[in-house]
Every structure is written in structure tokens, then in C-alpha cells.
Amino acid sequence: MKLTKLAALAATTALCAPAAFAQEMANEMTLVSWGGAYQSSQIKAYVEPYLEMHPEVKVTWDESSAEAVAKLRAMNEAGNVTWDLVDVVASDSMRLCDEGLAVEIDPSADLAAAPDGTSAEDDFGDLLVSECFVPQIVYSTTFGYRTDLVGDTAPTSVCDVFDLEAYPGKRSLQKRPIDNMEWALFCDGVAKEDIYDTLGTDEGVSQALAKLDTIKDQVVWWTAGAETPQLLADGEVVMGSTFNGRLFSAIAEQNQPIGMLWDMQSFDLDGWIVPEGLPADRKARVMDFLKFATDTQRLADQAKYISYGPARASSAPLVGTHAELGIDMAPHMPTDPANATNVHIYDYEWWADNRDDLNAKFEAWLAK
Amino acid sequence: MSDMTDTAGPVLAADGTPLKRSLARALRRQKLRALLLIAPLLIFILVSFILPVVDMLYRSVQNGIVTNTLPRTVEALADWDASTGELPDEVVYAALAADLKEAAEAKIHTKVGTRLNYENPGMSSMFRKTGRKAKKFDLEAGGPWKEELIDINKGWGEHDNWRTIQTYSPTITSGYFLNAVDMRVGTDGPEMRPEDEQIYMKLLGRTLWMSLAITSCCILLAYPVAWLLANLPARKANILMILVLLPFWTSLLVRTSAWKILLQQQGVINDILVYVGLVADDSRLVIINNQFGTIVAMTHILLPFMILPMYSVMQTINPSYLRAAKSLGATDWTAFWRVYFPQTVPGIGAGSILVFILAIGYYITPALVGGTKGTFISNQIAFHISTSLNWGLASALGAILLAVVLVLYWAYDKIVGIDNVKLG
Amino acid sequence: MADSASNGAFVEFDRVQKSYDGETLVVKDLNLSLPRGEFLTMLGPSGSGKTTCLMMLAGFETATHGDIRLGGTSINNIPPHKRGIGMVFQNYALFPHMTIAENLSFPLEVRKMGKTEREEKIKRALDMVEMGAFGGRRPSQLSGGQQQRVALARALVFEPELVLMDEPLGALDKQLREKMQFEITNLAHNLGITTVYVTHDQTEALTMSDRVAVFDDGRIQQLDPPDTLYEAPQNSFVAQFIGENNTLEGTVKEINNGLALIQLDDGELIDAMPVHDSVKPGARTRVSIRPERVEYNKDRIQEGAHTLKAEVKEFIYMGDIFRTRLSVAGNDEFVIKTRNAPDVERLQPGQQIEIGWLPQDCRALDA
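Quick notes on the rules
Residues numbered from 1 in each chain as written. Chains lettered and ligands numbered in written order. Predicted model: local features only at pLDDT ≥ 70, side-chain atom pairs only at ≥ 80, totals over all residues. Helix = DSSP H or I, 4+ residues; strand = E, 2+ residues; numbered from the N terminus. Contact = placed C-beta atoms within 7 Å. Rg over C-alpha atoms; globule rule 2.2 N^0.38 Å. Buried ≥ 20, exposed ≤ 12 C-beta atoms within 10 Å, placed from the backbone. Nonpolar A, V, L, I, M, F, W, Y, C, P; charged D, E, K, R; others polar. Pairing = 2+ DSSP bridges. Axes fitted to C-alpha atoms, helices over the stretch in contact; angles between N-to-C directions. Domains from an automatic or database assignment. pLDDT = per-residue confidence, 0-100. Parallel < 35°, antiparallel > 145°, perpendicular 65-115°, else oblique. Left-handed = near helix turned anticlockwise from the far one by under 90°.

Below, the discussion takes up the overall build of chain A. When its secondary structure is counted, chain A shows 14 helices and 10 strands. With respect to the principal axes defined by its C-alpha atoms, chain A has extents near 75 × 45 × 35 Å. In chain A, of all internal contacts separated by at least 6 residues, the share reaching a separation of at least 24 is 72%.

Our next topic: the overall build of chain B. The secondary structure content of chain B amounts to 20 helices and 2 strands. Its C-alpha atoms give chain B a radius of gyration of 32 Å, clearly above 22 Å, the size a compact globule of 424 residues would have. Classification of the 424 residues of chain B by burial places 38% in the buried group. A separation threshold of at least 6 residues defines the contact pool for chain B, and within that pool the share at least 24 residues apart is 68%.

Now for the interface of chain B and chain A. Of the residues lining the interface, 32 residues belong to chain B; the matching set on chain A comes to 29 residues. Those elements that place two or more of their residues in the side of chain B that touches chain A are helix H6 (109-119), helix H7 (123-134), helix H11 (200-231) and helix H19 (377-386) of chain B. The leading source of residues in the side of chain B that touches chain A is H6(B), at 6 residues.

Next up on the list: the interface of chain B and chain C. Reports often express the size of an interface as the amount of accessible area lost when the parts come together. In this complex, chain B contributes 15 residues to the contact, which on the side of chain C involves 19 residues. Where the side of chain B that touches chain C is concerned, the elements lending two or more residues are helix H16 (320-327) and helix H17 (332-360) of chain B. Take the side of chain B that touches chain C: its biggest share by element is 6 residues, from H16(B). A breakdown of the residues in the side of chain B that touches chain C according to their chemical character gives 6 nonpolar, 7 polar and 2 charged.

Attention now moves to the sheet that holds strand S2 (residues 27-35) of chain C. All names here are of chain C. Reading across from one edge, S2-S1-S4-S5 is the order of the 4 strands in this open sheet, with antiparallel pairing throughout. Each of the sheet's edge strands pairs with one partner strand only, and the pair in question is S2 and strand S5 (73-74). Note that strand S1 (residues 9-18) and strand S4 (residues 65-70) share 5 bridges and pair antiparallel. Bridging from a neighbouring strand, Phe 13 pairs with Ile 68 of S4. Docked against the sheet, helix H1 (residues 50-58) engages S1, S2 and S4, running at close to 120° with respect to S1.

Right, let's get into H16(B). Taken across its 8 residues, H16(B) has 6 buried, putting it largely inside the fold. Burial in H16(B) covers these residues: B:Tyr321, B:Arg323, B:Ala324, B:Ala325, B:Lys326 and B:Ser327. Packed against the buried residues of H16(B) are H17 of chain B together with H1 and strand S6 (85-88) of chain C. Two residues or fewer past H16(B), B:Gly329 is found with a positive phi of approximately 110°.

This next bit is on the environment of A:Thr321. All names here are of chain A. Here Thr 321 is to be found in the loop between strand S9 (309-310) and strand S10 (343-345). Here Thr 321 falls in the partly exposed class, since 13 other C-beta atoms lie within 10 Å of it. Counting along the chain gives 18 residues from Thr 321 to Ala 303, while the straight-line C-alpha distance between them is 8.3 Å. With residues near it in sequence (within four places) discarded, Thr 321 still touches Gly 326, Ile 327, Asp 328 and Met 329.

Let's shift gears to the pairing of strand S13 (residues 269-274) of chain C. Residues and elements named next belong to chain C. Burial analysis of S13 places 5 of its 6 residues in the buried class, which makes it a mostly covered element. Pairing between strand S12 (residues 259-264) and S13: 4 bridges, direction antiparallel. In the sheet register, Gln 263 faces S13, and the bridge partner there is Leu 269. Between S12 and S13, which follow one another and run antiparallel, lie 4 residues, and Gly 267 among them has a positive phi close to 100°. Here 2 bridges tie S13 to strand S19 (residues 362-365), and the two strands are oriented parallel to one another. In the strand pairing of S19, Pro 274 is matched with Ala 364.

All names here are of chain A. In terms of burial, strand S8 (residues 258-273) is a largely internal element, 13 of the 16 residues being buried. Where strand S3 (residues 85-89) meets S8, 4 bridges bridge the pair, whose relative direction is antiparallel. In the strand pairing of S8, Asp 87 is matched with Trp 272. Two elements, strand S4 (residues 134-146) and S8, share 11 bridges in a ladder whose sense is antiparallel. From the neighbouring strand, Phe 143 faces S8, where its bridge partner is Leu 261. For S8 and S10, the ladder comprises 3 bridges, and the chain directions are parallel. Among the inter-strand pairings, Gln 265 is bridged to a residue of S10, identified as Val 343.

Out of 2 pairs of chains that touch, the pair holding the most contacts is chains A and B. Chain A makes no contact with chain C; the smallest distance between any of their C-alpha atoms is 45 Å.

What follows concerns the domain arrangement of chain B. Domain boundaries assigned for chain B yield domain 1 (2-42), domain 2 (64-173) and domain 3 (200-420). Distance between the C-alpha centres of domain 2 of chain B and domain 3 of chain B: 51 Å.

Residues and elements named next belong to chain A. Splitting chain A by domain gives domain 1 (2-132 + 274-318) and domain 2 (140-267 + 348-367). Here domain 1 and domain 2 have C-alpha centroids that lie 32 Å from each other. Contacts between domain 1 and domain 2 engage 8 residues on the former and 7 residues on the latter. No other element matches the 3 residues that helix H4 (residues 90-98) contributes to the side of domain 1 that touches domain 2.

Residue and element names in this part refer to chain B. Averaged over all residues, the pLDDT of chain B is 89; the fraction at 70 or higher stands at 97%. Looking over chain B, one finds the lowest element-wise mean pLDDT in helix H1 (residues 2-6), namely 47, and the highest in H11, namely 95. Low pLDDT, under 50, characterises residues 1-6; the predicted model gives this stretch 1 contact beyond four residues in sequence or across chains. Listed scores for the predicted complex are pTM 0.83 and ipTM 0.84.

So, on to the sheet that holds strand S9 (residues 211-216) of chain C. The strands that make up a sheet are held in pairs by hydrogen bonds between backbone atoms, and each pair lies either parallel or antiparallel. Residues and elements named next belong to chain C. The sheet built from 6 strands is open, its strands ordered S6-S7-S8-S3-S9-S10 with mixed pairing. The sheet is open, and its two edges are formed by S6 and strand S10 (219-224), each paired on a single side. When the angles between neighbouring strand axes are averaged without regard to direction, this sheet yields 20°. When S9 meets S10, the two strands line up antiparallel, connected through 5 bridges. Counted as the bridge partner of Phe 215 is Ile 220 from S10. Sheet strands in contact with helix H4 (residues 144-156) are S6 and strand S7 (162-166), and its direction is about 170° off that of S6.

The relative placement of two packed helices is expressed as an angle between their axes plus a distance between the axes. Residue and element names in this part refer to chain A. It is at 8 Å that the axes of helix H7 (residues 180-187) and helix H9 (residues 202-213) come closest, and there the two elements cross at 85°. The orientation of H7 with respect to H9, classified from their angle, is roughly perpendicular. Contacts between H7 and H9 involve Asn 180, Met 181, Ala 184, Leu 185 and Cys 187 from the first element and Gly 204, Gln 207, Ala 208, Lys 211 and Leu 212 from the second. Residue composition of the contact of H7 with H9, grouped by class: 6 nonpolar, 3 polar and 1 charged.

Glycine aside, a negative phi is what most residues show, and trans is what most peptide bonds show. Residues and elements named next belong to chain C. Its identity is not glycine, yet Arg 15 carries a phi of approximately 50°, on the positive side. Structurally, Arg 15 can be placed in strand S1. Given 12 C-beta atoms within a 10 Å radius, Arg 15 is considered exposed. Phi is positive for Glu 159, close to 55°, though the residue is something other than glycine.

What follows deals with the packing of H11(B) against H17(B). All names here are of chain B. Relative orientation of the contacting elements H11 and H17 amounts to 140°, with a least axis distance of 9 Å. Viewed along their axes, H11 and H17 adopt a mutual orientation that is oblique. Where H11 crosses over H17, the handedness of that crossing is right-handed. Facing H11, whose interface residues are Thr 207, Leu 208, Ser 211, Ile 214, Thr 215, Cys 218, Ile 219 and Ala 222, H17 presents Ile 348, Gly 351, Ser 352, Val 355, Phe 356, Ala 359 and Ile 360. Among the residues making up the contact of H11 with H17, the classes are represented as 10 nonpolar, 5 polar and no charged.

Quick look at the structure:
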């Protein structure tokens, strides 16, 4: 028993970077992600390569990211954290960090530097929105429209969503105030930089809701990312918001008559957090994996499987072609300069403060 | 025998001990054995049902976090009179600085921020931002803290924020419950929230009436099916029973999604109506993403819970009752209405209670097919559990829902009588 | 068989047939008529068609062929609730959600009777079955016998001319059953109502009825008053079904002076009354002798009696009678019953005795 353990340790150290010396590492890891195409891109881009290097490690998946915050809180209260690494959106990582449910990450020590020597902190830059968060990808919530149902002139501006005369028919929006309120204010003439100041006032909230009121009858509200592509495919809506990767697969993989409307796309981040309260050996393993999985090459590799932009600046030039379709992925990235002429940067801090309040107002408005 | 009872003293058992004690001893052993036998079930129910309910009720009022995280501040703030409209004095700020430093080192300052943010938006970032600096506070040399803290975040200079801290310093709070009934603690005690934030009472009302509508639809649809089940020859009844149970073998999501395909505007039902010519192509019916969609989908999903108790009650009704009624001169309708139907009421009652209670707790189906007007209060509970993490509010809403169910149960008992509920 | 064309018949079955599946007949060519005021019992094993006949009369089943007449008019197409026939069910079928008084009130209410008249009739009907004090109770609070009385009262409260009873005493214990048999007969005769009673219990049929129709295989095998039925069964089924019976099989040799000479299968020759039409020289037959008509005490064997050798197999002391199983002419199940008297010898198994019976007690029936 002890011998085999020692042998395994020796093998690990022989194969692996010097970081592995310090601590004995557990050989099991439970990763939590979203399932579907996104999770398979993670498996192909860095989990399988990691397992090739460390055949002794066994990975278990849990597709619980949507309820990750609540579940982690419950695990923490019960004193039994079974997850090792959890994929969450940026706002959830902030909540987890605020609640003390996620470990703070030191980018210089815990993350790999870029190949050109740029430190991880600089390479990720502004995207390190929380002390506990290691971003993987930039995705955006943006609009798709039915090319055959919008008449001769395709929509070019997010404000076309609010234009029922030019583009009659139903549109789908996510059932939450985030993004929708900002788009409404923007299309009601509020300058981009003033959006959050306006939204911070009662009048601003009323203004946004009043703008949404003009299309309320024509809105189908969605809660799951798969809904808008389906609604578009069925012809239930002429345009709708969803995650850009979902639209990519509808367009590129399923050849649906859908066009992308990148104007005012709302950037968001998805990344890893490490739960608080892991035993030392498990934590050592997960930190080792995390360093590998978020290095420049791995993040660039992920973009071969899904149209989300790598969170590292140094990864962008390495993005190549789609692993199966062979198409150039760069033009489908939300971060591509052609797509990112007018983007909406979502203010995590502001929403963390005001989400509960605005949600109550938004729900009350919905129920009216 | 007779002379035994005639004597004045206590009746004795064969070995001379009083009969009562000897009987009690014998029974105690029996009771103990019975208790041991049901112990696994008892413990299971206690752990998996009673304790969570108690925990939920406790969470809906529990508020220890403020005092535990900011003990000095709470103590210092006790003397502060919020009604003067002035900010607290330096003592309170110093206490806060000390509390924050300690909390930030233990990384619990953001938790209290999140808690207070439920009541007063903006306090979450106040604590988060201040906490970052608080680790470096020099409590001996630093200060004056009033200026320094306001300098770090101007929120500390706002009277309202201090009032919130003071209001929510007790370890027990009614805040969650007030919130759950669209109220809040104002300057002069509890008051209604502004109209544009009132939602829960409206949702509760909607949940109740839609659950009633669903229950009624289930009764209407289930009754003939249950009757067929109970009266068809065994072979046909078995096939019908399989059809009734079949939905249980399909995922809830699949069934709900199937309704989407059927009911949406480009869906099967609208297509047929347009094809038949009942509806014009440009005025297709909106029968999903509203209350109608929720009622249809949930009636379908909950129907078996109505059919099964009805069926099991109908099965016990001997067909000779109907024959007897007819032989006594009753028409088919009178025989049904006066003899058969009253005997099925316990089944209807059991099915209705089952369906109603399941319905008011449903959230997946309303979320998927309910649109904006067909969602339930459980959707808000789910939102607060998994997204906003305001478990206190979720617990308060859950407790209110529980109370409503108990009140309805009590009313049912008063009106119909709970003995009149039979599952077979 | 009764003459279906007889005038004054109240209930008439005229060539009635019934099939459920279109392949087999449950009731085959039923002809039956009963006059007003008669207590008729349909007796037979289960599956003999007796209950089907009752249900057709009540209107819960329709005749596949033939006519059922009540008071001279065909009721084939009259729904049950318009027939005005009272019915008592096997399980009483008292409505469990109503009190006793409400149960009795039900047939009166559907007849739109006024309240005072209803109450008066309910009281009278309940008093009639000695249940006057129980009007406010629910059926579940009554004993089986009490429920039976209430069911009877309910079937009678709207004063039907015809009452049907479907094994109404089946669920009662023996003592109560005997008491109720007596009460029902009395009530029926006192009220002068016509009763059709279905049972599979022959004692019940014999003690209660004016006439008994013995059913088997979808036909009435014999329709006669109880004593005729017992003493003069027309065929071996009736002989077997009613009371205890011994059978000996043989072949008819000849018929002389109204007596048939029969050679039993073991060669013994006996005389018997030729009853069944099929008893002709050369035909197979079954000879039926009642156990109590066989004697073994030499003093009691009457003159002219036929005697036979027998071996005692079993002797059972039953108090008022002795029951002896014998081996007679190759039949090991030959039973005789002897009244207990001081001069009667108690037999031992294995004992060889001589038994005797009168030829007129010995009936040659169909094989």
C-alpha cells in the first residue's frame, strides 16, 4: 500500500512540474460544470490532456453549475464539500467569494504566466473580477434573428429589438433584469457610460421598465439558454437574446436561417472557483490542475470546440479553426474586433449591490 | 373472582405484586419493542422531514449574523437615536472599524454585507470595499474613524445605512416575513413596500387560485377516467391503468416540453386550427407562456394523482348500490348523483388535497410554460434559494405557504371532514 | 313445468334465452309463470342461470330472446327504475352515506312523495321489521341481521307488488338465517306480495317457498312445491341436489305393473318406480333412494320390502339420528339415516347386515 503510493508519487513528480513536490496530491477530482457542448469543450481542451499526463487521476463530473452557489452553501453548512473545482459565471463567483465559500486565488503563485513571460495577473487583466475567480472564457449575451422573417433590412442595432414597427413579431429575452434594463435605457437615449448611474435611481428604473413596456406583449421570456435557438428555429420569435455559443451552433452546426446581431452584446465571464474547506491533498491536486487548465495554450484550445473567447490576452492569437467543422473560429468570437465595435460591459459590482432590489421591481413589473 | 373484587385492597397478580404494576411492566416492554421496531422510520421522518421544516422556520426569523460579526458596533449603536436624523458619533465608527478589521481577517465581512443588502441595496459593496482596506486598519494609531470610513466609502455617511444596521441588529428578525408579505420596516415601524415592489402577495393569490383551477380541471377530467378504470373488465382496465401511469415513467421536463411543442403559436394545435380554418394564420392563439398554458400542462402532469385515489375509492363501491338505487325507482342520473357520487367524495377529497398541495409547490412547469402571468410563488422561492441566496426570505415564503396549506387543511376538515378522505 | 299460458299469471317468462358472449346460452328456453302472492324460489348451483333470470326480471340484464311479462304486459323495454319491483341484494346494498331513515326515504323521494307521507311510511316499514328505533343510524352501525331487516324494509317501503331477493341471507350466521327465513316468509305472506327468491341453499328453498324452481345448466329442471320436490324428484339432478340421496346404477330389464325391474351393475335385481321418461327396457338408469327410507332393523323392514346385503363402513352417532355409511351393490358411499331409538342396534364397521326398502321409495331416473 505504502509502496504503491510512494511509487505513484515518484511517477507524478517525475512527470510533473516542480510545483508538485511540496504536497501529496489526491488522485480523485470532482469537477462541476454546465454539461452539454461547453463541458465537452473543457474535457477535450484540458481535462483529457491532463489525464494523459496523470493517468492515476480519476475525474468525476457533476453538471450542477446552474445551482452551484446554493449547493456549495449547503455543502459548506453541512461541513462536507464534495466538489473540487466549480465552473461558475463571474457574478456567482463574487457571491461565493463574498460568502466565504470560495478560496482566494493568488494569480502570480497559482496561475501560469504567459509564454512570453507576461504575468498571469496582467494576462487576464480586468477579467479577474473577483479574488476567487479564474476566468476561462468570455461569452456574450446577444441577439440572433431569423434572416427569413425580418424583411429586407436585417436588424443592425440592439434598438431594433424595441422597434415593433420595423420588426413585428415576438422576441425572446432572458427573464431577469440584468442586460435587459441596460439595453432598454440605451435604446431610450441614455448614454452608455451613464447607464448604471441612471439605473441607480428610481426614475431610471421606471424609465427602463417603461421602455420594456413598449414590447412587453411581444416578449417570450426564457430561463434556459437553449430556449432562444429553439424558439428561433420554430419561428416562434423573430429575434431573441441568448449566449453567443448557442447561436453559433444553431447557425454553423445546424444551418438554421439565423443571423447574429452583435450590437451591444453583453460580455460576461465564465471561470473556475475552488471551494473553501478542501483537505490539503485534494486542494493540492486541484491547484495543480487549475494551473494547467488555465494556461495560454489550453484556453486557446478550448476555442476550437466552442465559440467563446479565451480569457487570456495571450491566447487570442492562438485561436485556430473549429476542430470538426474546420471553419475559422476568430470571426465567431464575441471578442473579435468586428463583432466588438459596440459592447456592453456588465458591471458586476453594481449588480451585486442592486440585484435583489431590481429583481423585486422587475418581477413586480412582470406580474403586472 | 368475585371475592377478589370484593376485597378492599389492590388486586394482586400471582406473584403478589399489585396487578396494575405488573400489567404496566408487561406493557412497557411491549411498547419499547414496538418503538424499536418503528425506530428506523421515526428517525428517518425526523431527520428528513421534521428537522428541515424546523430549520426552515428558524431560518425565516434568524438574524444572528449582524451581532455576531459586528458585536462592538451593535453595542455602541444601541444608544443611538435614529430619529434625530444625525449620524452616530465617533465611538460607533471606532467600534465598526474594530469589528470590520476582525471580520475582514476572518473573511466574514462580506456575508454581513450580503445580509444587509437584502434590506438596503448598496450595503453589500460598502462592506466588500471597506473590508479590503479594513485588514490594514491600525486601531491604535488610526482615526478619527468617522472621517476615514466615510472617506473609504461614502455609504458610511448615509443615515439610512446606519438605521438599517440598527434595525437588523437583534438576533431574531421579522424582516424576512415582512418582506414576504410585501412590507418593510420603515421609520415608523412596518409599512407596505412601494407598489412597484409588491409581488409576493400577488403571487401567493395567483398560486392559490391557479392551483384551485388546476385541481378543478383534474377533478373534471379524472372522474370519468377513474370511473372507467373501476368499471371496465380487468384486461381493458389494466391497459388503461398503464396509460394513466405512463406519464410517471417520463421525465417531468419532457412532458412539459411536449406541451410547448403542442401549444406554441407555431405548434401542433395552432397548426391544426389554422389548417382546419378555425383560426386565421396571422391570429394564431396564444395558449402558452400564460396562465392557460400553466393550467393545461400542470393538469396533465398532476392528473394521475387525482385519478389514483378516485379509482381506489370507486373500486370499493359495489355496483349493487347503483342497481339498488335503480330498483328503488331512481333514474340513471339520480342514482349517480344521490348514491354513487356521494360515495366517491372521499376519493375526490383525497385527490384534491394531493393535487392542490403538489400544485402550490410546483415551480419547474410554471417556469417553463407560465410566461410572466402563469408563474407561482414557488418560482420566487426557488429563485431566492438558488440565485439570490436569500434563504431567509425563501424560508419565510415557504413558511407562509406551509401556513396557508395548514389553514386550508383545517378549513377542509371543518367543511368536509378529514375522516372523509380515503385513498382506497 | 308450469303452463306459461295460464291466465292470471302475474310474472311470466316466455321462451326466454340469454347469452352474454353470443356463443353460449346462460339461460336456455326459460318458461315460468307465477301467480300473484306466490313465494317462488329459484334454487340451483352457481352458474345455473338463476341469478341471470332474476337480473332480467329486475331489468339489469336484457333477454336475448323471448318475453318477460309483468301483470300481462311485456317489460323487456322498460328500464329498471320504472318497473316498480322491490329488490333485496345479497350484500344488502344499503347506501352507506345515508342514515337508515334516509335509505328508506330514497325510493319515496324519487317518487315525489310528500314529507309527512314519507315519514309515516318509513315508520311503518321500520316497525314492520322491528327496526323502528334505528332510523337515525348509519348502516355501518348496524349488525348484519339488522342491515338485512333494513334492506327488506327498504325494498318494501314503496309497496311494490313484486319483490326480488338475491341470496339475501347468505352473509348471516346459521341461527340468524333461520330466524330471518321465518320472518321473511311471514312478512311476504302477510303483505300478500309476490316474491322471487334466489338461493343456492336447498334448506332455505324448502322451508320458505310455495314452489321451488330447480335450475341447472340454464334450464328449470323441476318446478314444484318443496315436498314434491323432495319426495318425487323428476330426474337425477334434482334427486341429488335436493336433500341427501343414494344412487345405484343399472339397466332396466322390464316394466311390469308400473314397476321397473332393474339389474344393478353387480348383478343384483331390484324393483323401482319408473319415473323418468327414459326408463324403458334396455336403457341405463340411476336408481335413487333417500337415506331415511332404508331400514336395517329386521323388525322395521316392512313387508314387500326389497332386501339387500350390505357391509358397514362407518357408523356416526349424531344425537337424534345415526348416520351409517355402507357398501351396497358396489357403492361404498351408500348412506342410511336411522332415528335414534332404544331398540335400534348400533353398528360396528365391518359388520355384515341386511337392509331393506320399499319399491315405491326407490325411483328409477335418467342415467
